[in-house]
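Listed below are the residues making up each chain.
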Amino acid sequence: MGIKKDYGDGIRYKWRCNKRNYKCPARVTQIDTEFFLDEPHSCQPDPSLRVSVPIYAQAKKAAIENVFKPASEIVEPLTYSSYKKLSKKSRHYIPKVSNVVQSTNRARASLRPATPKSVHFEFSRKHLPKGFVKKPIDWTDSKGVDQRIVILTTKRQLKKLARAKRWEVDATFDVVSDPFYQLFGIHTSVRKGAQVKSIPLVSYVLQDKDCLH
Ligand SMILES: [Zn+2]
């Protein structure tokens, strides 16, 4: 169903069936939390919705409860458990993992605080993982411009940094948005058998290309 009329009072809405190509006349009036059927459906119910809607809903709920868990780690077990539960015939109604992940991330993004417009912002503690050190350094540069560097790390990462034989540094730009310019990171490599993995230890969110001295 989609909204046909919004009375603008946050209480009353008229809904109509979205299956326009069936010319379905279904209409529902909503008053607060009550729904009144004006016209019933003439369209055929979509059997895929019985499978996909609960998956999307459960993924969204879990994502909101576990803000720091990657959406794919929530969605994959959900789709796998419906695969096991469903009959062979219903299995092809299971939505693509990538579609559910995308919709889950969108639902979660709306809960995050807005991107700051300037360097003068407060940290929202509940949106940072526990034990995360998020030290801002503020100063005014020689041109009179307010500057801020945000340092992101944990105590455990700092211990690793102190013990690491080798530090590797790099900068990325596309994960950072205004008013910041780059994410500068110190990493170390961990070797296990033939595998080498780069572990981020400290990240600096910087405003300028060259303000890290
Ligand atoms: Zn309908």
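J.: Which residues make up the environment of Val75, and what values do they have?
T.: Within the secondary structure, Val75 sits in helix α2 (residues 71-85). Judged by local crowding, Val75 falls into the buried class, with 27 C-beta atoms found within 10 Å. Separated by 22 residues in sequence, Val75 and Val97 have C-alpha atoms that sit 6.5 Å apart.

J.: Just give me the short version of the packing of α2 against helix α4 (residues 97-109), but keep the residues and values in it.
T.: Following both chains from N to C, one finds α2 and α4 inclined at 135°, their axes separated by 9 Å at the closest point. Regarding the angle of α2 to α4, the classification is oblique. The element α2 and its partner α4 pack so that their crossing is right-handed. For the pair formed by α2 and α4, the contact residues are Ala71, Ser72, Ile74, Val75, Glu76 and Thr79 on the first element and Val97, Val100, Val101, Thr104 and Asn105 on the second. Its residues assigned to classes, the contact of α2 with α4 shows 6 nonpolar, 4 polar and 1 charged.

J.: Tell me about the pairing of strand β3 (residues 27-31), and please be specific about residues and values.
T.: With 5 bridges joining them, strand β2 (residues 12-16) and β3 adopt antiparallel strand pairing. Bridge assignment links Tyr13 to a residue of β3, and that residue is Gln30. In this structure, β3 lies alongside strand β4 (residues 34-39), joined through 5 bridges in antiparallel fashion. From the neighbouring strand, Val28 faces β4, where its bridge partner is Leu37. Where β3 hands over to β4, the hairpin turn is made up of 2 residues, of which Asp32 adopts a positive phi near 55°.

Rules behind the numbers
- Residues numbered from 1 in each chain as written.
- Predicted model: local features only at pLDDT ≥ 70, side-chain atom pairs only at ≥ 80, totals over all residues.
- Helix = DSSP H or I, 4+ residues; strand = E, 2+ residues; numbered from the N terminus.
- Buried ≥ 20, exposed ≤ 12 C-beta atoms within 10 Å, placed from the backbone.
- Axes fitted to C-alpha atoms, helices over the stretch in contact; angles between N-to-C directions.
- Parallel < 35°, antiparallel > 145°, perpendicular 65-115°, else oblique.
- Left-handed = near helix turned anticlockwise from the far one by under 90°.
- Contact = placed C-beta atoms within 7 Å.
- Nonpolar A, V, L, I, M, F, W, Y, C, P; charged D, E, K, R; others polar.
- Pairing = 2+ DSSP bridges.

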